[in-house]
Amino acid sequence: FKAKKKNVLRKRVDHCAYDGPQLLTGTILFVVCFFLFQTMLAYYVLVTSVWCLVLIAHSILWLLLCFLKHLPIYSLVIITREQASLLHTFPQGVNLQIVEYNITTLIVQSKSCTVSFVLLAWMRYCLAKFHDAYLIKIDDGIFWSLVFGGRLGTPPILEI
């Protein structure tokens, strides 16, 4: 507020004399725009980061609950205890094989299930359920809501 302004037409610096109320108004506007913006930005960053941490903690706890609720305990016990015995194998699927010699025969074989197959199917199911129930509801424009200060919303009510 030195009361100088650049005059482009005359190619010189002109001096302006401001009176007391004009200087006071300019100073107040400068302080409000400069210092209050930083305070509001710090508050917004803090509150948004805390809310994002709450959403992350909520989703992690829900995923853990989903994993524990849908754990295939019965299948794992049968597979691990009775793996050596061929009578009690837990079937994974059926293979059909057509063999042609003189007459057409159909051979039906069942594949036995492994622990890794059961665990991978369990994890795929839980992650698909998590995506359908949680991420689709949270995912809609969350980046633009964060950038432009839109409403982030509450964590969805999840049914497992």
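For the structure itself, look to the data block above.
Residues numbered from 1 in each chain as written. Predicted model: local features only at pLDDT ≥ 70, side-chain atom pairs only at ≥ 80, totals over all residues. Heavy atoms only, no water.

A.B. asks: I keep staring at helix α1 (residues 20–69) and nothing clicks. Help me out?
C.D. replies: The α-helix advances 3.6 residues per turn, and as a result positions three or four apart in sequence lie on the same side. The end-to-end C-alpha distance of α1 is 72 Å, a good match for the 74 Å that 50 residues give at a rise of 1.5 Å each. The sharpest bend along α1 comes to roughly 25°, located at Leu-36. Within the span of α1, buried status applies to Gly-26, Thr-48, Leu-55, Ser-59, Trp-62, Leu-63, Cys-66 and Phe-67. (Helix = DSSP H or I, 4+ residues; strand = E, 2+ residues; numbered from the N terminus. Expected span 1.5 Å × (residues − 1). Bend = angle between axes of the 7 residues up to and from the residue. Buried < 20%, exposed > 50% of the residue type's maximum accessible area, 1.4 Å probe, protein only.)

A.B. asks: Looking at this structure, I do not really get the nonpolar core. What am I missing?
C.D. replies: Here is a general trend for soluble globular proteins: nonpolar side chains tend to be buried in one another's company. In terms of nonpolar packing, the biggest core is built from 8 residues, these being Trp-62, Leu-63, Cys-66, Phe-67, Trp-122, Cys-126, Phe-130 and Ala-133. Listing elements by their share of this core, those giving two or more residues are α1 and α3 (115–139). (Core = buried A, V, L, I, M, F, W, Y, C linked by side-chain atoms within 4.5 Å.)

A.B. asks: What exactly am I supposed to notice about the packing of aromatic side chains here?
C.D. replies: Scanning all chains against the criterion turns up 3 aromatic pairs. With 5.0 Å between their ring centres and 80° between their planes, Phe-34 and Phe-35 make a pair best called edge-to-face. With a relative accessible area of 44%, Phe-35 lands in the partly exposed category. A centroid spacing of 5.1 Å and a plane angle of 50° characterise the contact between Phe-67 and Trp-122, whose relative ring orientation is tilted. With Phe-67 in helix α1 and Trp-122 in helix α3, this residue pair connects regions lying 55 residues apart in the sequence. (Phe/Tyr/Trp six-rings, centres within 6.5 Å; stacked < 30°, edge-to-face > 60°.)

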